[in-house]
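# Descriptive analysis of the structure
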Amino acid sequence: MAADISADEIHAEVQRFWSILSGKSKERLEELYSPAAIVFTGKAKRSERGPLTAIRRMRQVAGPDSTSNAEIDPIEIQIAGADVAIASYTYRFNSSKKDKDGSRMVRNTLFGRSTQIFQRDERGKLKIVHEHLSSAAPPAVEKAKG
C-alpha cells in the first residue's frame, strides 16, 4: 500500500508538469494524466480527456523552432484524503514558435490560474485526474519578424 500523499510530492509533480510543458524535460506530458482525467482549458467550451489535451499542448509548444518558459507562484496544496490532493496556483507562461511564413508567434500568458487534482493510481503513481487552466486576462499574442 502506498504512503499517504504529501505536499512535497504534489509540489514536485506540479514542477514536473511545467518542466515538461516548457521543453526542459523529455518526459511525455500525457503520462502525467489519468486516462479518465477531465481537463478544462482557457478557451474551451467543454471539457476533454487529459491525455488528449496533453498531446495537443505539446504539439502547440514543442518543436525545434519553439521556446517556452513558465514561472509559477507559490502553490497552495490541500490534502483531500490519503490518495487525493489539490494544487492551486497562479503562473506566467511565455512561448515563441516559428510560423509558416518565417515570422515568430509570441504568446504571453501573464495572469494564468491553475487547479490540478492529483490522485494515486493502483500502481502508487500520482496522476492528474482533473485540471482547470485559465487566465484572468487573454494571453497577449504578437507576430514578430525573426
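The structure reproduced in this document is the subject of the present report. Because the structure is a prediction, the values reported are computed rather than measured. Numbering of residues starts from 1 in each chain and follows the order in which that chain's sequence is written. With pLDDT at 70 or above as the cut-off, local features in this predicted model cover only qualifying residues; side-chain atom pairs require 80 or more to be listed or tallied, and sums for whole chains, interfaces and linings still use all residues. Side-chain numbers here rest on the full set of heavy atoms in the structure, without hydrogens or water.

### Remarks on the side chain of Glu 13
- Helix and strand definitions here come from DSSP, where helices need a minimum of 4 consecutive H or I residues and strands a minimum of 2 consecutive E residues; each element is numbered from the N-terminal end. If you trace the backbone, Glu 13 turns up in helix H1 (residues 7–21).
- In this scheme, a residue with accessible area under 20% of its type's maximum is buried, one over 50% is exposed, and one in between is partly exposed, where area comes from a 1.4 Å probe on protein chains only. Judged by relative accessible area, Glu 13 falls into the buried class, the value being 13%.
- Should any heavy atoms of two residues lie within 4.5 Å, those residues are considered in contact. When sequence neighbours within four positions are dropped, the list of residues in contact with Glu 13 reads Leu 32, Phe 118 and Leu 126.

### A look at the layout of surface pockets
- In this analysis a 1.4 Å probe is tested at points of a 1 Å grid over the protein atoms alone, and where it fits but cannot get out there is a cavity; an open set with protein on both sides within 12 Å along at least five of seven lines is a pocket; lining residues have an atom within 4 Å of a point. Grid points are joined across faces, edges and corners, and a volume is the space filled by probe spheres set on the points. Each pocket or cavity is described by its volume, and for the largest pocket that value is around 790 Å³.
- Around the largest pocket, the lining is made up of 28 residues, and of these Lys 43, Gln 60, Arg 107, Thr 109 and Pro 139 lie nearest the centre.
- For the lining of the largest pocket, the elements supplying multiple residues, two or more each, are H1, helix H2 (50–61), strand E5 (84–98), strand E6 (104–120) and strand E7 (126–135).
- It is E5 that provides the largest number of residues to the lining of the largest pocket, a total of six residues.

### Observations regarding the nonpolar core
- By convention a nonpolar core is built from buried Ala, Val, Leu, Ile, Met, Phe, Trp, Tyr and Cys residues, the set being connected through side-chain atoms within 4.5 Å. Core analysis: the largest hydrophobic core is formed by 25 residues, its most contacted members being Phe 17, Leu 29 and Tyr 33.
- For this core, the elements supplying multiple residues, two or more each, are H1, strand E1 (33–40), H2, E5 and E7.
- The element best represented in this core is H1, accounting for six residues.
- Not counting residues within four places of it along the chain, the set of residues in contact with Leu 29 comprises Phe 17, Ile 20, Leu 21, Ala 54, Arg 57 and Met 58.

### Here we look at the pairing of strand E4 (residues 76–81)
- Across five bridges, E4 lies against E5 in antiparallel orientation. Among the inter-strand pairings, Ile 79 is bridged to a residue of E5, identified as Ala 85.
- The rule for pairing is simple: two strands pair if DSSP sees at least two bridges between them. Between the end of E4 and the start of E5, which pair antiparallel, lie two residues.

### Details of the pattern of salt bridges
- Each reported salt bridge corresponds to a side-chain nitrogen of Lys or Arg within 4 Å of a carboxyl oxygen of Asp or Glu. Under the definition given, this model contains 12 salt bridges.
- The closest approach of N and O atoms between Asp 73 and Arg 92, which form a salt bridge, is 3.0 Å. Separated by 19 residues along the polypeptide, Asp 73 in the loop between strand E3 (66–72) and E4 and Arg 92 in strand E5 bring together distant segments of the chain.
- Among the ionic pairs, Lys 143 bridges to Asp 99, the shortest N-O distance being 3.5 Å. Taken as a pair, Lys 143 in strand E8 (residues 140–144) and Asp 99 in the loop between E5 and E6 lie far apart in primary sequence, 44 residues in all.
- The exposure class of Lys 143 is partly exposed, given its relative accessible area of 49%.
- Classification of Asp 99 by relative accessible area gives partly exposed; the value is 29%.
- What emerges from the salt-bridge pattern is a single network uniting Glu 13, Arg 16 and Glu 27.

### Focus: H1
- In a regular helix each residue adds 1.5 Å, so 15 residues correspond to 21 Å; H1 covers 21 Å between its end C-alpha atoms and thus fits that length.
- Trailing H1 by a residue or two, Gly 23 shows a phi angle of about 80°, which is positive. Here the expected length of a helix is defined as 1.5 Å per residue gap, with one fewer gap than residues.

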